[in-house]
Amino acid sequence: MDLITRQLEDLFLKAVQKVFPDASCAAAVVQFTKDPGLGDVQCNSAMALAREVKDSPRNIAGKIAAAAQELDGIRPLKLISSLEIAGPGFINMRLDHQAVWKYLADQNEGRVYPSVENEGPVVIDYSAPNIAKRMHIGHLRSTIIGDSLKRIYRHLGYTVVADNHVGDWGTQFGKLIVGYHRWLDKTAYAESPIEELERIYVKFEQESVNDETLLSEARNELKKLQDGDEQNTALWHEFIDSSMREYEKIYSRLGITFDTHRGESFYHDMMSGVIADLKEKELLAESDGALVVFFADDEHLHPCIVRKQDGAYLYATSDLACIKRRIDEYHPRKIIYVTDDRQITHFKQVFNIAERLGWTVEREHVYFGVMKFTDGHFSSRKGNVIYLSHLLDEAEKRAFEIVTEKNPALPEEERKDIARVVGTGAVKYFDLSQNRTSNIIFEWDKVLSFEGNTSPYLQYVYARIQSVLKKAGVNGELPPPSETEFTEGEQKLVHSLLQFSSAVVQAAASYKPNVIADYIYDLSQSFNSFYNSHPILKEEETKRDFRLYLCSETARVIKNGLELLGIEVLERM
Ligand code: ARG
């Protein structure tokens, strides 16, 4: 079964073709109504046809509607239970109840996406911290948004290759090796390796201001590393391994996994090939001994250096090699890069050059704004850094206090577990629920609030439904209801439940997990107004069963939706 609006679009297209076989602009768009009081879905083909057919849109709508209903009557369709022509020529429809229950069941199982073109793998490149630097809040967005996109694309049936393109190559390694030999504190290094590497790196920067020889020493060590010197290579591996172990701790706290961890160094041997290809296509120019690619004036891009005067390759060169490798290895349908918006120009340059090299593949730079605390920008180059691990600790600590205050009787172990799920969920949701291109300001009170568009609120709605179901003795899935009379509140909730799959498709198409977040929040709001005005347990059986069914469906959709954002739910909290 396809998206419900999609099935109806097919139906209406056939209806239009039947009534107006000669119309050239036959098209049908079916959408959910904004106001469920008007109906569940709406088709407005009539207005588009009016100019060509030379009849009033209302008459046209009437004809199309009659044809659609007739076609719908041919089994097994029967999607429409009633319809009405409204305003200038809208066709408003109520969906057939049996079709709705069937659709909700299929939607829960992810069986409503057959027309999503999901052949061919999608490579998602995200997180990508730089070795020997602690992962700070600036990496949070890439990690969390990338992971959510991976979940969304997998849900839609795509094969996803999740790749962590770590920054494991570059001039910093020469400096680190010098610092390691001169200033390393072995105990500190054993305890907190990245912190110690950061310290010696900063020390190098400070000392080298007054001591020129340090810089040439670092260049020398870097050269040795690049030439495969055994000792330096071993040290370099050690820096990578100890950093990755620290990153893994955070990934495991966040429930994040990758299929590959191919850092920039993985592409090192392919870079001379990139230069050769660029040369062959006559794309290279020389500028002060460096090799550069220029762009057409209307691209408004600075020249891109691909090899420095001293022979070293750059970030852009490794990204070019990486595109080639991904195309050759995976034949991907698409490559998605998730980084902050300071890299927009970088990716424009790289994509443009790849195109001119004939390395064509659909690709998307999914960029996001910075996350700020109220006191400024996060950067590992500045003093005021908030590390991801500290942030998560703080979130859990605060969540624990809230949970203890709300629910002091729960055993401590359970309160701790709740605090973990609520704390990490809140941090993720705060990020994912915002339009990713905006800068966001992190405020604890907003992040951890149990009211408004936050994950503690959504998790709470879920847990409350679980307690209702438990009280009613519901265990597992409920059969489709037999109730046929809906109140407005019930109608609204059903209307909202039906739209989960459309939200997922839209989130994938726009690379915006916040579309799903907004959807779950809306659903929870509809549920709450339903719940506050509809008694459940004291109703007679048919009504009671129907309302319990709505509770259980809402819980399932909240759970599935939060899962696409990488957020867990709790049975009680
Ligand atoms: N390591 C880079 C940084 O921290 C991000 C890498 C993104 N991926 C890529 N293929 N360039 O800025």
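Residues numbered from 1 in each chain as written. Predicted model: local features only at pLDDT ≥ 70, side-chain atom pairs only at ≥ 80, totals over all residues. Heavy atoms only, no water.

1. Re the pairing of strand β11 (residues 362-368)
Residues in a regular strand project their side chains so that they alternate between the two faces of the sheet.
Working step 1: Pairing of strand β10 (residues 334-340) with β11 involves seven bridges; the strand directions are parallel. When the sheet's bridge partners are listed, Val338 is paired in β11 with Val366.
Working step 2: Crossover connection from β10 via helix α13 (residues 344-356) to parallel β11: handedness right-handed. (Pairing = 2+ DSSP bridges. Helix = DSSP H or I, 4+ residues; strand = E, 2+ residues; numbered from the N terminus. Right-handed = clockwise from strand over helix to strand, strands pointing away.)

2. A word on the site of the ligand
Working step 1: Residues in contact with the ligand, as listed here, are Asp125, Ala128, Asn130, His165, Tyr315, Asp319, Tyr337, Thr339, Gln343 and Phe347.
Working step 2: Between the ligand and Asn130 there is a distance of 2.8 Å, counted from a nitrogen atom to a side-chain nitrogen or oxygen.
Working step 3: Between the ligand and Tyr315, the relevant distance is 2.7 Å, taken from a nitrogen atom to a side-chain nitrogen or oxygen of the residue.
Working step 4: Its residues assigned to classes, the shell around the ligand shows four nonpolar, four polar and two charged. (Near = heavy atom within 4 Å. Polar contact = N/O pair within 3.5 Å; in protein donor to acceptor, adjacent residues only side chain to side chain. Nonpolar A, V, L, I, M, F, W, Y, C, P; charged D, E, K, R; others polar.)

3. A few points about the environment of Ala312
Working step 1: Within the fold, Ala312 resides in the loop between β9 (304-307) and α12 (315-330).
Working step 2: The exposure class assigned to Ala312 is buried, which follows from its relative accessible area of 17%.
Working step 3: Once residues lying within four places of it in the same chain are set aside, the contact partners of Ala312 are Val306 and Arg307. (Buried < 20%, exposed > 50% of the residue type's maximum accessible area, 1.4 Å probe, protein only. Contact = heavy atoms within 4.5 Å.)

4. Digging into the nonpolar core
Working step 1: Leu8, Phe12, Ile64 and Phe239 are the most contacted members of the largest nonpolar core, which has 156 residues in total.
Working step 2: Tallying contributions element by element places helix α21 (residues 541-564) first for this core, with 10 residues. (Core = buried A, V, L, I, M, F, W, Y, C linked by side-chain atoms within 4.5 Å.)

5. Here's the deal with the packing of aromatic side chains
Working step 1: The tally for this structure, following the rule as stated, stands at 22 aromatic pairs.
Working step 2: Seen in terms of ring centroids, Tyr126 and Phe258 are 4.8 Å apart; in terms of plane orientation they differ by 35°. Their pairing is tilted. With Tyr126 in the loop between β5 (122-125) and α5 (137-155) and Phe258 in the loop between α10 (230-254) and α11 (271-280), this pair connects stretches of sequence that are 132 residues apart.
Working step 3: For Tyr126, a relative accessible area of 0% gives the class buried.
Working step 4: Classification of Phe258 by relative accessible area gives buried; the value is 12%.
Working step 5: Here the aromatic rings of Tyr153 and Tyr511 are separated by 6.4 Å at their centres, their planes lie at 20°, and the arrangement is stacked. Here Tyr153 is found in helix α5, whereas its partner Tyr511 is found in the loop between α19 (500-510) and α20 (514-533), with 358 residues between them in sequence.
Working step 6: Overall, the relative accessible area of 6% leaves Tyr511 in the buried class.
Working step 7: Among the aromatic residues, those joined into a ring-pair cluster are Trp101, Phe486, Phe546 and Tyr549.
Working step 8: The ring of Phe450 carries Lys406 above its face, with NZ or CZ at 4.7 Å from the centroid. (Phe/Tyr/Trp six-rings, centres within 6.5 Å; stacked < 30°, edge-to-face > 60°. Lys NZ or Arg CZ within 6 Å of the ring centre and 35° of its normal.)

6. Describing the sheet that holds strand β8 (residues 290-293)
Working step 1: Spatially, β7-β8-β9 is the arrangement adopted by the three strands of the open sheet, whose pairing is antiparallel. Of all strands in the sheet, those bounded by a partner on one side alone are β7 (284-287) and β9. Neighbour-to-neighbour, the strand axes of this sheet turn through a mean angle of 45°, independent of strand direction.
Working step 2: As paired strands, β8 and β9 are joined by three bridges and run antiparallel to one another. Each bridged residue has a counterpart across the sheet, and for Val292 the counterpart in β9 is Ile305. (Axes fitted to C-alpha atoms, helices over the stretch in contact; angles between N-to-C directions.)

7. Brief notes about helix α8 (residues 193-210)
Working step 1: Between its first and last C-alpha atoms α8 spans 27 Å; for 18 residues at 1.5 Å apiece the expected length is 26 Å, and the two agree.
Working step 2: Every buried residue belonging to α8 is among Pro193, Ile194, Glu196, Leu197, Glu198, Ile200, Phe204 and Ser208, and all of these are buried.
Working step 3: Where α8 is buried, its residues meet α6 (172-183), α7 (186-191), α9 (212-226) and α10. (Expected span 1.5 Å × (residues − 1).)

8. Examining the side chain of Ser148
Working step 1: As for its placement among the helices and strands, Ser148 is situated in helix α5.
Working step 2: Residue classification places Ser148 among the buried positions, given a relative accessible area of 0%.
Working step 3: With sequence-adjacent residues up to four places away left out, Ser148 is seen in contact with Leu432, Pro513, Leu564 and Leu565.

9. So, the state of the cysteines
Working step 1: Within this structure, the stated rule accounts for zero disulfides.
Working step 2: Take Cys304: it sits in no disulfide, and the sulfur closest to it among the cysteines is that of Cys322, at 15 Å.
Working step 3: Note on Cys304: relative accessible area 3%, which makes it buried. (Disulfide = S-S within 2.5 Å.)

10. Some details on the sheet that holds strand β2 (residues 41-43)
Working step 1: Spatially, β1-β2-β4-β3 is the arrangement adopted by the four strands of the open sheet, whose pairing is antiparallel. Bordering the open sheet on either side are β1 (30-32) and β3 (80-86), each of which pairs with just one other strand. With strand direction ignored, the average angle separating the axes of adjacent strands in the sheet is 30°.
Working step 2: Here β1 runs beside β2; their pairing, made up of three bridges, is antiparallel. Bridged to Gln31 within β2 is Gln42.
Working step 3: Across the face of the sheet, helix α3 (residues 57-72) comes into contact with β3 and β4 (90-95) while running at roughly 175° to β3.

11. Considerations on the confidence of the model for the chain
Working step 1: With 97% of its residues at a pLDDT of 70 or more, the chain shows a mean pLDDT of 93.
Working step 2: Long-range and interchain partners of residues 377-383, a stretch whose pLDDT sits below 50, account for 17 contacts in this model, where long-range means more than four residues apart. (pLDDT = per-residue confidence, 0-100.)

12. What to know about the environment of Ile440
Working step 1: Here Ile440 shows up in strand β13 (residues 440-442).
Working step 2: Judged by relative accessible area, which is 1%, Ile440 ranks as buried.
Working step 3: Through-space distance from the C-alpha of Ile440 to that of Val370 is 6.4 Å; in sequence the pair is 70 residues apart.
Working step 4: Discounting chain neighbours no more than four positions away, the residues touching Ile440 are Arg141, Val370, Met371, Lys372, Phe430, Asp431 and Gln434.

13. Points about the packing of α6 against α8
Working step 1: At their nearest, the axes of α6 and α8 sit 9 Å apart, and the two run at 100° to each other. In terms of their interaxial angle, α6 and α8 are classed as roughly perpendicular. Where α6 abuts α8, its residues Gln172, Lys175, Leu176, Val178, Gly179, Tyr180 and Trp183 lie against Glu196, Leu197, Arg199, Ile200, Tyr201, Lys203, Phe204, Glu205 and Glu207.
Working step 2: Residue classes in the contact of α6 with α8 are distributed as eight nonpolar, two polar and six charged. (Parallel < 35°, antiparallel > 145°, perpendicular 65-115°, else oblique.)

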